[in-house]
Amino acid sequence: MGLPLYPFDKTLEHPAAGDTNYGQGVFEGLKARRTERGNIAFFRIRDNASRMAQGAKRLGMIPVPENIFIDAVLRTGAANTDYIPEAKDGDAYFRPKQSGSGPIVGVAPSPENTFEVFMTPVGPYFKGGMSAVSLLVSEEYHRAAAGNVGFCKAIGNYAPGMIPAKEAKAQGFAEILYLDTNNNLIEEAGAANFGFVGKDGKVYFVQPSGTILDGITSRSVEQIAQDMGFETIRDRIALDFALQNAAECFCMGTAAVISPIGSITHRGTAYDFNHGEVGPITADLYDRLTGIQTERYPDKHGWLTILD
Ligand code: PLP
């Protein structure tokens, strides 16, 4: 008996769909939270809309207009409030995605796109309280190449990171820290941007190039650090410079929020930061970011969208 033959049903994607054949797809990830004022608040939704539009254009798709993106996310939230956890239990994660769902056999943009949004409740990232993670620098694997699509959440960027992450985890690390293809400059961790507090008291962030996702969390933490009075530097950062000059390291992302990095292992040597413990400035940045997201602190940059 062979494999079952499926009819071309509208619940199944077309076998010649541009996304599953050629990776013509882009997605976003953002969260909504129940706040201390009893609201449901989305964080910086417009930035996700514009990032997905940039990615769609690069992948040969007509971008979803920002107002349609925002409306679709908010409507998905409104239809699923029962699934938005209480603040102590976690957040709601929203996944807008656009892909070339129509059939195309030659390598060319798909004649039809699908834009959809789904949501799922997610637990707190730090289950037993905030703790520092260990990262492994890879000189073997790279995330993205210049001129390609590392700057957006193209679907094809993620599968190549699965085996490296699995191998790193098998060795006891939380993730890979990726370098540029010259194995010199820090790019980012699997799905989070890199930053550190220098021994000079400045806060450093990696300047996104075409190979690095321009993270909304990283941009927010940079603004918060400036609001706290820190001098911030956003630049390409050599791994050696970070290893020698960092007092506290962290990575940032919608999922990771701010995750302290206790150590980075490179060529068999582990470099510890703040004795492998959560650093005080990292903890402060985390408190301020999550404080704004949960309306514990004022939203003075207008980052929140409250669900009606
Ligand atoms: N880098 C990559 C590759 C990601 O997938 C993500 C997650 O979206 C980030 C960084 C962090 O970006 P953001 O803060 O916008 O979630």
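Residue positions are given per chain, counted from 1 along the sequence in the order it is written. It should be noted that, the model being predicted, local features are given only for residues of pLDDT at least 70 and side-chain atom pairs only at 80 or more, the latter also being counted only at that level, while totals for whole chains, interfaces and linings use all residues. The side-chain values count all of the structure's non-hydrogen atoms but skip hydrogen atoms and water molecules.

**Points about the pairing of strand β8 (residues 186-189)**
At step 1: Strand pairing is defined by DSSP finding a minimum of two bridges between the two strands. Put simply, DSSP marks the helices as runs of H or I at least four residues long and the strands as runs of E at least two long, and each gets a number from the N terminus on. Looking at chain direction, strand β7 (residues 175-179) and β8 are connected through two bridges and run antiparallel. Bridging across to β8, Leu179 finds its partner in Ile186.
At step 2: Hairpin connection between β7 and β8: a loop of six residues separates the two successive antiparallel strands, and Asn183 in this loop has a positive phi of roughly 55°.

**Quick notes on the site of the ligand**
At step 1: In the region of the ligand, 16 residues are neighbours, and Lys153, Tyr158, Glu188, Thr217 and Thr254 sit closest.
At step 2: Within the contact set of the ligand, an oxygen atom lies 2.7 Å away from a side-chain nitrogen or oxygen of Lys153.
At step 3: Starting from 380 Å² of accessible surface for the ligand in isolation, the protein chains cover 97%.
At step 4: Broken down by secondary-structure element, the contributors of at least two residues to the shell around the ligand are α5 (216-227) and β12 (246-253).
At step 5: Each residue belonging to the shell around the ligand can be placed in one class, and the counts come to six nonpolar, six polar and four charged. The criterion for a residue being near a molecule or strand is simple. One of its heavy atoms has to lie within 4 Å of it. Polar contact is defined as a pair of N or O atoms within 3.5 Å, subject to the rule that within protein one atom must be able to donate a hydrogen and the other to accept it, and that residues adjacent in sequence are counted only when both atoms are side-chain atoms. Every accessible area reported is derived by Shrake-Rupley at a probe size of 1.4 Å, with residue values counting cover from the shown protein chains alone. Any residue that is not Ala, Val, Leu, Ile, Met, Phe, Trp, Tyr, Cys, Pro, Asp, Glu, Lys or Arg is counted as polar, Gly included; the first ten are nonpolar and the last four charged.

**Some remarks on the nonpolar core**
At step 1: Ranked by internal contacts, the top residues of the largest apolar core, which has 25 residues, are Val26, Phe42, Ile45, Phe69, Val73 and Phe94.
At step 2: Looking at this core, the elements that each hand over two or more residues are β2 (30-34), β3 (40-43), α2 (45-58), α3 (66-79), β4 (91-100) and β5 (113-122).
At step 3: Any two residues whose heavy atoms approach within 4.5 Å are treated as being in contact. In this structure Val26 touches Met52, Gly55, Ala56, Leu59, Met61, Lys97, Gln98, Cys152, Lys153, Ala154 and Ile155, once residues within four positions along its chain are discounted.
At step 4: In this text, buried Ala, Val, Leu, Ile, Met, Phe, Trp, Tyr and Cys residues form a nonpolar core when linked through side-chain atoms within 4.5 Å. Accessible area is worked out with a 1.4 Å probe on protein chains only. A residue is then buried under 20% of its type maximum, exposed over 50%, and partly exposed in between. Core analysis: the second largest hydrophobic core is formed by 23 residues, Ile186, Phe196, Ala242 and Ile261 among them.

**Quick word on the pattern of salt bridges**
At step 1: By definition here, a salt bridge exists when the distance from a side-chain nitrogen of Lys or Arg to a carboxyl oxygen of Asp or Glu is within 4 Å. A complete count under the given rule lists 20 salt bridges for this structure.
At step 2: Of the charged contacts in the structure, one is a salt bridge between Arg33 and Asp91, with a shortest N-O distance of 3.6 Å. In this pair, Arg33 is assigned in strand β2 and Asp91 in strand β4, connecting sequence segments 58 residues apart.
At step 3: Notably, a salt bridge pairs Arg219 with Glu222, separated by 3.8 Å at the nearest N-O pair. Of this pair, Arg219 and Glu222 both sit in helix α5, three residues apart, which is roughly one turn of that helix.
At step 4: On the basis of relative accessibility, which here comes to 12%, the residue Glu222 falls in the buried class.
At step 5: Several salt bridges converge on common partners, so that one network encompasses Asp214, Arg219, Glu222 and Arg234.

**Things to note about the packing of α5 against helix α7 (residues 280-293)**
At step 1: Contact pair α5 / α7: the axes reach a minimum separation of 10 Å and the direction vectors enclose 110°. Our classification of the angle between α5 and α7 gives roughly perpendicular. Classified by chirality, the crossing of α7 by α5 is right-handed. Across the interface between the two elements, Thr217, Ser220, Val221, Ile224 and Ala225 of α5 pack against Leu285, Arg288, Leu289 and Ile292 of α7.
At step 2: Here the residues of the contact of α5 with α7 sort into six nonpolar, two polar and one charged. Fitting a line to C-alpha atoms yields each axis, with helices limited to the stretch in contact; the angle taken between N-to-C directions then spans 0 to 180 degrees. We call two directions roughly parallel when the angle between them is under 35 degrees, roughly antiparallel when it is over 145, roughly perpendicular when it lies between 65 and 115, and oblique otherwise. With the far helix as reference, a near helix turned anticlockwise by less than a right angle produces a left-handed crossing, and one turned clockwise produces a right-handed crossing.

**A short note on the packing of aromatic side chains**
At step 1: In this analysis, rings of Phe, Tyr and Trp, with Trp reduced to its six-membered ring, are considered paired at centre separations within 6.5 Å, and the interplanar angle assigns stacked below 30 degrees, edge-to-face beyond 60, and tilted for intermediate values. One pass over the structure, following the stated rule, counts nine aromatic pairs.
At step 2: Centre to centre, the rings of Phe196 and Phe241 are 6.2 Å apart; their planes meet at 55°, and the pair counts as tilted. Of this pair, Phe196 sits in strand β9 (residues 193-198) while Phe241 sits in helix α6 (residues 239-245), and the two are 45 residues apart along the sequence.
At step 3: Given the relative accessible area of 0%, Phe196 is considered buried.
At step 4: Under the relative-accessibility criterion, Phe241 is labelled partly exposed at 36%.

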